[in-house]
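The lines below spell out each chain.
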Amino acid sequence: MDLTHAIVVLFVVGLSGIGISVCAADDVGTSVCDTSYNPTGYVSGVLHVGFLFLGQPNDLGWNLQHDKGRLFLQYSLPDEVQTHYVDNVITHNQSIAAIYKLMKEENCKLIIATSFGQGDAALALAECYPQIYFVHISGYAKSSHGNFATAMSKIEEPTYLSGLLAGVMRSSGSLCFIYSFPETEDIRGLNSFVLGVQKYAKDAQIAALWINSYGNPEVELMAAWKFVAMGCSLLAQSTDSITAQEAFHDVSLFSIGFNSDMTTFIGNTVLTSPMFLWGSTYYNFALSVLNHSWIPNLDLWEGISEGMCDLSATSQLVPTIFSALLEAAKDNIVNGENPFVGPIYDIDGILRIPEGSYLSDEELKEMDWYVAGILDLGQFSLDSCTEGLFFNVSANTCMSCPLGQQPSITYFCEPCPIGTFSVEAGVICAPCPSGCVKDWPGPGECQKCAAGSAPSTNATSCILCSPGTYAPFNGTSFCDICEKGTYAEEEGATSCTKCPDHSSTTETGSISHLQCICQSGYSTITTDTGVACKKEPLNTAVYVGIGIGVALLIIVIAVVVQLVLHYKFKKQWIAKGASTWKANMLSSRSQTPQQLSSNQFLSPLVTNDDL
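Definitions and limits used
- Residues numbered from 1 in each chain as written.
- Predicted model: local features only at pLDDT ≥ 70, side-chain atom pairs only at ≥ 80, totals over all residues.
- Heavy atoms only, no water.
- Helix = DSSP H or I, 4+ residues; strand = E, 2+ residues; numbered from the N terminus.
- Areas by Shrake-Rupley, 256 points an atom, 1.4 Å probe, with all protein chains shown as cover.
- Pairing = 2+ DSSP bridges.
- Salt bridge = Lys/Arg side-chain N within 4 Å of Asp/Glu carboxyl O.
- Buried < 20%, exposed > 50% of the residue type's maximum accessible area, 1.4 Å probe, protein only.
- Disulfide = S-S within 2.5 Å.
- Core = buried A, V, L, I, M, F, W, Y, C linked by side-chain atoms within 4.5 Å.
- Axes fitted to C-alpha atoms, helices over the stretch in contact; angles between N-to-C directions.
- Contact = heavy atoms within 4.5 Å.
- Polar contact = N/O pair within 3.5 Å; in protein donor to acceptor, adjacent residues only side chain to side chain.
- Phe/Tyr/Trp six-rings, centres within 6.5 Å; stacked < 30°, edge-to-face > 60°.
- Left-handed = near helix turned anticlockwise from the far one by under 90°.
- Nonpolar A, V, L, I, M, F, W, Y, C, P; charged D, E, K, R; others polar.
- Expected span 1.5 Å × (residues − 1).
- Patch = residues over 30% accessible without salt bridge, like charges linked within 9 Å, V, L, I, M, F, W, Y side chains within 5 Å.
- Lys, Arg positive; Asp, Glu negative; His and termini not counted.
- Charge placed at Lys NZ, Arg CZ, Asp CG, Glu CD.

Asks: Would you mind going over the overall build of the protein chain with me for this structure?
Replies: Helix and strand counts for the protein chain come out as 13 helices and 33 strands. Here the protein chain displays about 30,600 Å² of accessible surface, and carbon together with sulfur accounts for 56% of that area.

Asks: Just to check I follow, could you spell out the sheet that holds strand β15 (residues 374-379) for this structure?
Replies: Pairing in this open sheet of 5 strands is parallel, and the strands run β9-β8-β6-β7-β15 from one edge to the other. What marks the edges here is a single partner per strand, and that holds for β9 (254-255) and β15. Here 4 bridges tie strand β7 (residues 206-210) to β15, and the two strands are oriented parallel to one another. Paired with A207 across the bridge in β15 is L375.

Asks: What is the right way to read the pattern of salt bridges from this model?
Replies: Counted according to the given criterion, the structure contains 8 salt bridges. A salt bridge links D361 to K154; the nearest nitrogen and oxygen atoms lie 3.4 Å apart. Linking D361 in helix α12 (residues 361-365) with K154 in the loop between β5 (148-153) and α5 (156-169), this pair joins segments that are 207 residues apart in sequence. Looking at D361, the relative accessible area reads 35%, which means it is partly exposed. With relative accessibility at 15%, the residue K154 sits in the buried group.

Asks: What exactly am I supposed to notice about the state of the cysteines here?
Replies: Linking two cysteines covalently via their sulfur atoms produces the bond known as a disulfide. Taken as a whole and assessed by the stated rule, the structure comprises 10 disulfides. Between the sulfur atoms of C401 and its disulfide partner C413 the distance amounts to 2.1 Å. Measuring the twist about the S-S bond at about -95°, one finds the C401-C413 disulfide to be left-handed. With C401 in the loop between β17 (397-400) and β18 (405-407) and C413 in strand β19 (residues 413-415), this residue pair connects regions lying 12 residues apart in the sequence. Judged by relative accessible area, which is 23%, C413 ranks as partly exposed.

Asks: I'm lost on the nonpolar core in this one. Help?
Replies: Where a protein is soluble and globular, its nonpolar side chains tend to be buried together. Counting residues in each nonpolar core, the largest one holds 71 residues, and the members touching the most others are I137 and L161. Core analysis: the second largest hydrophobic core is formed by 23 residues, I96, L102, A126 and F148 among them.

Asks: Hey, could you run me through the sheet that holds β5 in this one?
Replies: The strands making up a sheet are joined through hydrogen bonds of the backbone, oriented either antiparallel or parallel. Taken together, the 6 strands give an open sheet; going across it, the order is β2-β1-β3-β4-β5-β11, and neighbouring strands pair in parallel fashion. In this open sheet, the two edge strands, each paired with only one partner strand, are β2 (81-86) and β11 (299-302). Shown here is a sheet whose adjacent strand axes are inclined to one another by a mean of 20°, direction ignored. Note: β5 against β11, 4 bridges, orientation parallel. Bridge pairing in β11 places A151 opposite L300. Across the sheet, helix α2 (residues 62-76) is in contact with β1 (47-52), β2 and β4 (133-137); its angle to β2 comes to roughly 160°.

Asks: How should the side chain of D310 be read in this particular structure?
Replies: On the secondary structure map, D310 appears in strand β12 (residues 309-311). Classification of D310 by relative accessible area gives buried; the value is 18%. Engagement of the side chain of D310 in a polar contact is seen with the side chain of K330, the distance being 2.8 Å. Contacts of D310, omitting those with residues within four sequence positions, involve P158, S273, P274, M275, L277, I304 and K330.

Asks: Is there a simple way to think about unusual backbone geometry in this case?
Replies: Glycine aside, residues mostly have negative phi angles, and peptide bonds mostly take the trans form. For the bond from G342 to P343, the omega torsion is 10°, close enough to zero to count as cis. Within the element layout of this structure, P343 appears in the loop between α11 (320-334) and β13 (344-345). If you check the backbone angles, L60 has positive phi at about 65° while not being a glycine. The backbone of S252 shows a phi angle near 60°, a positive value even though the residue is not glycine. Positionally, S252 belongs in the loop between α8 (243-250) and β9.

Asks: Quick question: what am I supposed to make of the packing of aromatic side chains here?
Replies: Describing an aromatic ring pair means giving the distance of the ring centres and the angle of the ring planes. Scanning the model with the defined rule gives 17 aromatic pairs in all. Relative to Y100, the ring of Y37 has its centre 6.4 Å away and its plane inclined at 75°; by these criteria the two rings are edge-to-face. Placement of Y37 in the loop between α1 (3-13) and β1 and of Y100 in helix α3 (residues 92-104) is noted, with a sequence separation of 63 residues between them. An identical accessibility class is assigned to Y37 and Y100; each is buried. Summarising the aromatic geometry, the rings of F285 and W294 are spaced 5.8 Å apart at their centres and angled 40° between planes, so their arrangement reads as tilted.

Asks: Explain the packing of α5 against helix α6 (residues 184-200) here, please?
Replies: A pair of packed helices is characterised by two quantities: the angle between their axes and the separation of those axes. One way to put it is that α5 packs onto α6 with a least axis distance of 6 Å and a crossing angle of 35°. Considering the relative orientation of α5 and α6, their crossing is right-handed. Contact with α5, carried on its side by E156, T159, Y160, S162, G163, L164, A166, G167 and V168, involves R188, G189, S192, F193, L195, G196, V197, K199 and Y200 of α6 and no other residues of that element. Taken together, the residues that form the contact of α5 with α6 break down as 8 nonpolar, 7 polar and 3 charged.

Asks: What is the right way to look at α5 in this model?
Replies: Helical geometry note: an α-helix holds 3.6 residues per turn, so side chains three or four residues apart project in the same direction. A rise of 1.5 Å per residue sets the reference length of α5, with its 14 residues, at 20 Å; its end C-alpha atoms lie 20 Å apart and thus fit the reference within 8%. Burial analysis of α5 places 13 of its 14 residues in the buried class, which makes it a mostly covered element.

Asks: Teacher, can you tell me more about a negative patch on the surface here?
Replies: Where like charges cluster on the molecular surface, the negative patch consists of E362, E363, E366 and D368. Relative to the helices and strands, D368 resides in the loop between α12 and β15.

Shown next, in the form of structure tokens:
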């Protein structure tokens with residue numbers, strides 16, 4: 001596996017077991033110098049490196065490239081370096097809190113602040129802790145201890161090349177450019193793009209506006225649609241997100257990306273992208289700490305030849321001859337050519353760079369003027385419109401949409417989507433009422449579904465009730481399930497058919513008369529209209545069997561009754577005889593033999609009464 005492929009793999013799946021901290025620092029008023037905290041300087045072992053990200057690493061722009069640089073560092077020095085980061089670090093206080101988190105919780109000895117706004121916090125803590133090393137991207141400050149370095153890419157070099165491509169690829173429409181602030185870095189990037197365009201399109205005009213933010217996806221999107229409304233045919237930018245490129249892609253217009261290779265995210269309408277490459281820079285800073293070769297207050301400003309920036313590959317829509325033209329121009333820059341060669345005039349017609357002259361690096365860093373050919377539109381801001389209104393980027397005001405339309409994400413009016421309607425102008429389209437559909441966009445009322453059908457999930461069409469279900473009325477919201485004992489065999493049923501008498505289904509939602517089962521004692525017969533249940537007749541043998549059974553039962557009962565009565569009477573007779581015998585015996589003991597009659601010597605079981 002080569003190094004480039006490995007970095008891509010690490011970026012996609014992430015690194016495990018390296019202590020990555022992903023959370024937003026709280027915006028709290030953290031004290032600058034914490035006197036209770038006394039960090040030790042880096043000595044040996046694993047160097048922990050902490051990064052501050054302005055947004056999230058998956059933003060497909062500025063933060064993505066910095067995270068790729070972090071992963072490059074981690075992969076290049078896996079045994080010597082462990083990386084950590086805190087994302088969404090925007091304000092000064094968030095920067096202070098994030099740096100302390102990285103130093104105290106992760107034991108970081110090298111802190112890299114990747115955004116201009118994080119610089120003051122990094123510099124303040126560099127003064128507090130000379131044992132810790134700090135790098136500020138896009139900054140210019142110095143620390144009294146020499147432990148604070150700055151670095152920035154000469155991104156104007158690939159931006160100039162992208163301007164060359166824009167100049168040869170432009171159509172009849174104008175060119176436009178979105179940038180962050182009217183400050184040196186952004187002005188230098190805009191100027192380099194315009195100079196590139198004018199290399200092959202001398203009289204080209206570039207409309208430019210700034211959004212007062214390094215990255216605001218919503219405002220960038222609106223600014224892009226403003227340019228579309230103005231008739232712009234190709235867009236470039238020096239802001240962070242991809243929403244402007246997405247807008248131009250949606251209307252099949254060309255754009256130039258920025259920060260990362262946006263062609264891979266958007267498609268071939270993005271012709272190319274000036275890219276930041278931070279991997280080798282972070283590697284060299286970490287190595288200088290590991291080897292104790294740190295250069296105090298180093299101010300690093302490097303370009304394509306040093307590997308800190310580049311131009312991405314052109315899209316498939318760029319003719320081969322133009323791609324070759326870019327490669328030749330890139331070789332010239334690598335060999336020392338300066339895009340800012342005179343004569344160059346500013347927008348007021350003042351000669352800024354005489355013919356044959358170049359601007360030095362220090363002069364480029366101080367650039368605060370615009371080259372001729374820029375149509376400066378000033379700041380673009382997002383006006384808040386009430387619900388139902390849209391911001392008309394051409395008229396620069398909020399307006400209502402006509403009946404049957406609503407504001408879209410592109411800040412124009414769009415027809416009400418199918419399945420929705422509007423009752424008046426200037427309101428958001430509402431979903432169709434229950435039981436109704438609308439299968440066309442734009443104005444119009446929703447229609448009730450006919451009996452035997454019901455609306456689809458998104459209310460875009462009426463769907464016939466499936467077998468086993470029914471809808472009895474027009475405008476039914478959904479198809480009911482046939483109850484037990486009923487069925488519906490066809491689609492579009494308005495009612496369910498009852499099973500024949502003496503039969504029922506075993507469950508609800510039956511779809512066939514064959515699911516009707518006759519009760520016990522009834523048999524199924526086929527009729528002209530379907531099936532029926534008929535009571536099963538009993539034959540002669542059954543009746544004879546029942547008669548014999550009943551007769552036998554009566555005989556058995558009679559025998560049992562006779563036995564019970566006989567047993568009862570016999571028991572009483574024996575008991576009475578025993579009692580008489582006992583009385584005779586007692587009487588005979590009191591008489592002489594001569595007094596006894598012959599009858600008294602009879603069996604004790606036989607009395608005179610018995611005789």
